[in-house]
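In case you want the letters, here they are:
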Amino acid sequence: MASSSLQAPTDAKNLAAAASSNFVCLSYGTIPSRIRSRQKLPPNMSYMLPHLHSGWEVDQAILSEEDRVVVIRFGRDQDQTCMVQDEVLFGIAEKVKNFAVIYLVDIDEVPDFNGMYELYDACTTMFFYRNKHIMVDLGTGNNNKINWALADKQELIDIIEIVYRGARKGRGLVVSPKDYSTKYRY
């Protein structure tokens, strides 16, 4: 016998009421907070960072910033890898606000750049300075982007700082302070 609190709301009024008190899952309906608190649901920090919802907004963000590095995380907000990256980006946003600005772009909502930047990975972070894409040599062979989640906040701050320092000097390619190649993992 199913409880009425576990049934999926059918109209917009009930959906809004359920969303305010419980976690709403489109497949299973609502999950009461007593059950949700026992689950290991990852925190989603993507709602705390500014989103760009169109190709024009992405272009304007890159074009309009004159003095700071534009850090753009391309990916899906509900993806686990992006959730880890978003949490790190949110954690460092206040520390890097003087030399970098961080934006999030959902690659399903804004598919304009998927082919241009080869955005086929779950989570991709790219850097821009004064309307120029800044490449980072991470030792992986792909200098255009970071296509994994960096879980260490200080490593990401160091990379953004190196990008900022190199870009101000006119360099289009900077070398990461840490080598991320697999040769050191054996």
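Residues numbered from 1 in each chain as written. Predicted model: local features only at pLDDT ≥ 70, side-chain atom pairs only at ≥ 80, totals over all residues. Heavy atoms only, no water.

Keep this limit in mind: UniProt positions are given in the numbering used here, feature names are shortened, and annotations may be inferred rather than shown by experiment.
You'll find the protein entered in an unreviewed UniProt entry as Thioredoxin-like protein 4A, with Cyclotella cryptica given as the organism. In its Subcellular location (unreviewed entry) section, the UniProt entry covering the protein states "Nucleus".

1. Comments concerning the nonpolar core
As a rule of thumb, soluble globular proteins bury nonpolar side chains together. This is how it is decided: Definition used in this section: a nonpolar core is a set of buried Ala, Val, Leu, Ile, Met, Phe, Trp, Tyr and Cys residues joined via side-chain atoms within 4.5 Å. Residue burial is assigned from relative accessible area. The probe radius is 1.4 Å, only protein chains are included, and a residue is buried under 20% of its type maximum, exposed over 50%, and partly exposed in between. Helix and strand assignments follow DSSP, with helices taken as H or I runs no shorter than four residues and strands as E runs no shorter than two, numbered in order from the N terminus.
Counting residues in each nonpolar core, the largest one holds 27 residues, and the members touching the most others are Val-69, Val-71, Leu-89, Phe-127, Ile-159, Ile-160 and Val-163. Of all the elements, helix α5 (residues 153-168) adds the most residues to this core, at seven residues. In this structure, Val-58, Val-70, Ile-72 and Met-126 belong to the second largest nonpolar core, which totals 17 residues.

2. A short note on helix α3 (residues 55-64)
What counts here: As used here, the arc belongs to the directions running from the helix axis to the C-beta atoms. Two residues form a contact once any of their heavy atoms are found within 4.5 Å.
Among the residues making up α3, those that are buried are Gly-55, Val-58, Ala-61 and Ile-62. Buried residues in α3, looked at end-on, bunch into an arc of 125°, giving them a common side. Turned more than 90 degrees away from the buried face of α3, the exposed residues are Trp-56 and Ser-64. Contacts from the buried residues of α3 go to β3 (51-52), β4 (69-75), β5 (100-106) and β6 (123-129).

3. A word on the sheet that holds strand β7 (residues 132-137)
This is how the line gets drawn: At least two bridges found by DSSP between two strands are what make those strands a pair. What counts as an axis is a line fitted to C-alpha atoms, over the stretch in contact for a helix, and the angles between N-to-C directions run from 0 to 180 degrees.
On the basis of which strands lie adjacent, the open sheet formed by six strands has the order β3-β5-β4-β6-β7-β8 and mixed pairing. A strand with exactly one partner marks an edge of an open sheet, and here the two such strands are β3 and β8 (173-175). The sheet contact formed by β4 and β5 spans seven bridges and is parallel. Paired with Val-71 across the strands is Ile-102, a residue of β5. Most of the contacts of α5 go to β6, to which it runs at about 30°, and overall it touches β4, β5, β6, β7 and β8.

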